[in-house]
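Fold and contact review
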Amino acid sequence: EAQVTQNPRYLITVTGKKLTVTCSQNMNHEYMSWYRQDPGLGLRQIYYSMNVEVTDKGDVPEGYKVSRKEKRNFPLILESPSPNQTSLYFCASSLDGAGYNEQFFGPGTRLTVL
Amino acid sequence: AQKITQTQPGMFVQEKEAVTLDCTYDTSDPSYGLFWYKQPSSGEMIFLIYQGSYDQQNATEGRYSLNFQKARKSANLVISASQLGDSAMYFCAMRERSFKAAGNKLTFGGGTRVLVKP
């Protein structure tokens, strides 16, 4: 089944404790992206990757890191989480970053930082 | 200015009736794409429908149709014959061509919560 998976689905952590949210897709998509969703603001892009080893900042990159060592994986790293990073996070992928291809979203990761 | 505006934070609709969700957008690009996503209470994002700026006809997908009025910069979603399972948050999103260098970024509106009453 074609899908985007994220782990963990739920995470409660404390300020300053490094964490990684994994994202994997099995559709051989070149483009992958991370979004955060906050009430009233919709989804906002954090980072994206056009292909392996090619990543760039989105609209709200502060406090986050990403890497793209393999085509299928695009982990999101919070080196020192803070309470304002409490949010619902989505990973998405699409065939490429050039057209109007549909983006497939993962199931979401609900993160709470105390 | 907000690029995507959804002015209805929430609305009720009677089962089997049609409902229109408003979406206006702001762009100076001649080429762009408009998307609607559904987010049920379980949280996943479900793609519903797409409209390209150069498409001559309004997009339709089953019970979903997009009322695209380019001059007014609006892309309203119409759900016909509402079902209880349509209760969800609905997001309008846009991709502009000028963001080609920035990848396939979607800019989202704040969403509209729909509750279908039996």
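Residues numbered from 1 in each chain as written. Chains lettered and ligands numbered in written order. Predicted model: local features only at pLDDT ≥ 70, side-chain atom pairs only at ≥ 80, totals over all residues. Heavy atoms only, no water.

Right, let's get into the layout of surface pockets. Put simply, the largest pocket is a space of about 410 Å³. Surrounding the largest pocket, 24 residues form its lining, Gln37(A), Leu88(A), Arg110(A), Gln39(B) and Arg113(B) being those nearest its centre. Among the secondary structure elements, those contributing two or more residues to the lining of the largest pocket are β4 (31-38) and β9 (87-94) of chain A together with β10 (88-96) of chain B. Top contributing element to the lining of the largest pocket by residue count: β9(A), with 3 residues. Looking at the lining of the largest pocket residue by residue, the class counts come to 9 nonpolar, 11 polar and 4 charged. (1 Å grid on protein atoms, 1.4 Å probe; cavity = no way out; pocket = protein on both sides within 12 Å on 5 of 7 lines; lining within 4 Å. Points joined across faces, edges and corners; volume = space filled by probe spheres on them. Helix = DSSP H or I, 4+ residues; strand = E, 2+ residues; numbered from the N terminus. Nonpolar A, V, L, I, M, F, W, Y, C, P; charged D, E, K, R; others polar.)

Moving on to the confidence of the model for chain B. Of all residues in chain B, 92% attain a pLDDT of 70 or more, and the chain-wide mean is 91. Taken element by element, the predicted model of chain B shows its lowest mean pLDDT in strand β11 (residues 107-108) of chain B (92) and its highest in strand β9 (residues 74-79) of chain B (98). (pLDDT = per-residue confidence, 0-100.)

With that out of the way, let us pick up the nonpolar core. Counting residues in hydrophobic clusters, the biggest one holds 25 residues, and the most contacted among them are Leu21(B), Tyr25(B), Trp36(B), Ile49(B), Leu77(B) and Tyr90(B). The set of elements that each furnish at least two residues to this core consists of β2 (10-14), β3 (19-21), β5 (32-39), β6 (46-52), β8 (64-69), β9, β10 and β12 (112-117) of chain B. Among the elements that take part in this core, β10(B) stands out by supplying 4 residues, more than any other. With 19 residues, the next largest nonpolar core counts Met32(A), Tyr47(A), Leu76(A) and Leu111(A) among its residues. (Core = buried A, V, L, I, M, F, W, Y, C linked by side-chain atoms within 4.5 Å. Buried < 20%, exposed > 50% of the residue type's maximum accessible area, 1.4 Å probe, protein only.)

What follows concerns the sheet that holds strand β8 (residues 76-78) of chain A. Residue and element names in this part refer to chain A. Spatially, the 4 strands line up as an open sheet ordered β1-β3-β8-β7, and their pairing is antiparallel. If you trace the sheet from one side to the other, it starts and ends with β1 (4-7) and β7 (65-66), each paired once. Pairing geometry for β1 and strand β3 (residues 19-25), over 4 bridges, is antiparallel. Bridge assignment links Thr 5 to a residue of β3, and that residue is Ser 24. (Pairing = 2+ DSSP bridges.)

Our focus in this paragraph is the packing of aromatic side chains. Per the stated rule, a full pass over the model turns up 13 aromatic pairs over all chains. Their ring planes at 55° and their centres at 5.1 Å tell us that Tyr25(B) and Tyr32(B) sit as a pair that is tilted. As far as the burial class goes, Tyr25(B) and Tyr32(B) line up, both buried. One aromatic cluster is present, formed by Tyr35(A), Phe90(A), Phe105(A), Phe35(B), Tyr37(B), Phe47(B), Tyr50(B), Phe91(B) and Phe108(B) through successive ring pairs. (Phe/Tyr/Trp six-rings, centres within 6.5 Å; stacked < 30°, edge-to-face > 60°.)

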